Amino acid sequence: MASDSRTDDAGGRSRAVRRLVGGQRHSARTTALAVVLALLCGVYAAWLLADFGLRWPALLAVAVLTGVFFYSRRTPAAMLASGFYGLAVLVALTPIVLDLAFVLAADGYGVTPWPFVLSLADLVFLGVFVVLALVLSAIGFVIGRRFDAGTDTDSEDAAVSEG
């Protein structure tokens with residue numbers, strides 16, 4: 001009997017799932033890395049959007065979307081580098097989202113928030129988070145270059161020596 005088109009590979013994955021994750025197949029350890037990174041990004045986004053009442057939707061949406069994205073990476077190093085990039089984006093957005101929550105809350109009470117938002121202390125706060133985001137993205141860059149460079153140069157050397 002013909003195989004069902006919904007579960008047509010050896011792992012029991014449907015075509016839609018394979019298309020969603022880019023046809024990747026990873027070990028249990030690598031899958032766990034993708035899940036942990038996705039949960040880390042989801043928890044951070046949930047904390048960030050808690051003042052807006054979006055804690056659980058943010059956790060679910062960010063964890064699922066980043067989980068699919070991380071799982072679609074080819075190597076664990078690429079997953080880890082992408083995880084650091086994702087966290088860097090969330091860290092860079094932190095002071096902006098926190099100020100937005102303050103602005104919306106202050107407008108509700110009839111208080112002008114702009115002296116606080118445009119103060120020197122708030123700009124330093126923004127600068128600290130931008131520096132933290134740059135450090136996280138630099139770590140991701142180093143991980144991506146160090147671990148993926150070895151596989152790329154091996155294939156290039158093989159191609160050069162054959163020709």
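It should be noted that the structure appears before, not after, this text.
Residues numbered from 1 in each chain as written. Predicted model: local features only at pLDDT ≥ 70, side-chain atom pairs only at ≥ 80, totals over all residues. Heavy atoms only, no water.

**Student:** Before we move on, could you go through the packing of aromatic side chains and cite the residues and values that matter?
**Tutor:** Per the counting criterion, the structure on display carries four aromatic pairs. Relative to Phe129, the ring of Phe125 has its centre 4.8 Å away and its plane inclined at 65°; by these criteria the two rings are edge-to-face. Of this pair, Phe125 and Phe129 both sit in helix α6 (residues 120-162), four residues apart, which is roughly one turn of the helix. Take Phe129: its relative accessible area is 15%, and that puts it in the buried class. (Phe/Tyr/Trp six-rings, centres within 6.5 Å; stacked < 30°, edge-to-face > 60°. Helix = DSSP H or I, 4+ residues; strand = E, 2+ residues; numbered from the N terminus. Buried < 20%, exposed > 50% of the residue type's maximum accessible area, 1.4 Å probe, protein only.)

**Student:** Give me helix α4 (residues 76-108): which residues, what numbers.
**Tutor:** The end-to-end C-alpha separation of α4 is 46 Å, in line with the 48 Å expected for 33 residues at 1.5 Å each. The sharpest bend along α4 comes to roughly 40°, located at Thr94, with the proline Pro95 sitting one to four residues further on. Phi turns positive one or two residues past the end of α4, at Gly110, with a value near 80°. (Expected span 1.5 Å × (residues − 1). Bend = angle between axes of the 7 residues up to and from the residue.)

**Student:** Got a sec to walk through a nonpolar patch on the surface? Specific residues and values, please.
**Tutor:** Judged by side-chain polarity, Leu120, Val124, Val128 and Leu132 come together as a nonpolar surface patch covering roughly 380 Å² of accessible area. In this fold, Val128 is placed in helix α6. The partly exposed category is assigned to Val128, whose relative accessible area is 43%. (Patch = residues over 30% accessible without salt bridge, like charges linked within 9 Å, V, L, I, M, F, W, Y side chains within 5 Å. Areas by Shrake-Rupley, 256 points an atom, 1.4 Å probe, with all protein chains shown as cover. Salt bridge = Lys/Arg side-chain N within 4 Å of Asp/Glu carboxyl O.)

**Student:** Any chance you could break down the environment of Val117 for me, citing the residues and the numbers?
**Tutor:** Tracing the backbone shows Val117 in helix α5 (residues 114-117). Taking the relative accessible area as the measure of exposure, Val117 reaches 11% and is therefore buried. For the pair formed by Val117 and Asp99, sequence separation is 18 residues and the distance between their alpha carbons is 6.5 Å. With residues up to four places along the chain from it excluded, the contact list for Val117 reads Asp99, Phe102, Val103 and Asp122. (Contact = heavy atoms within 4.5 Å.)

**Student:** Quick one: what's the story with the packing of helix α3 (residues 55-71) against α4, residue by residue and with numbers?
**Tutor:** Running from N to C, α3 and α4 cross one another at 145°; their axes reach a closest spacing of 9 Å. Counting all contacts with α3, which are made through Phe69, Phe70 and Tyr71, the residues of α4 involved are Met79, Ser82 and Gly83. (Axes fitted to C-alpha atoms, helices over the stretch in contact; angles between N-to-C directions.)

**Student:** Any chance you could break down helix α2 (residues 28-48) for me, citing the residues and the numbers?
**Tutor:** Over its 21 residues, α2 runs 30 Å from end to end, which matches the ideal 30 Å to within 8%, given 1.5 Å per residue. All buried positions along α2 are accounted for by Thr30, Ala34, Leu37, Ala38, Cys41, Gly42, Ala45, Ala46 and Leu48. If you follow the buried residues of α2, they end up packed against α3 and α4.

**Student:** Let's hear about the side chain of Thr94: which residues, and what values?
**Tutor:** Here Thr94 is to be found in helix α4. Discounting chain neighbours no more than four positions away, the residues touching Thr94 are Tyr44, Trp47, Leu48 and Phe129.

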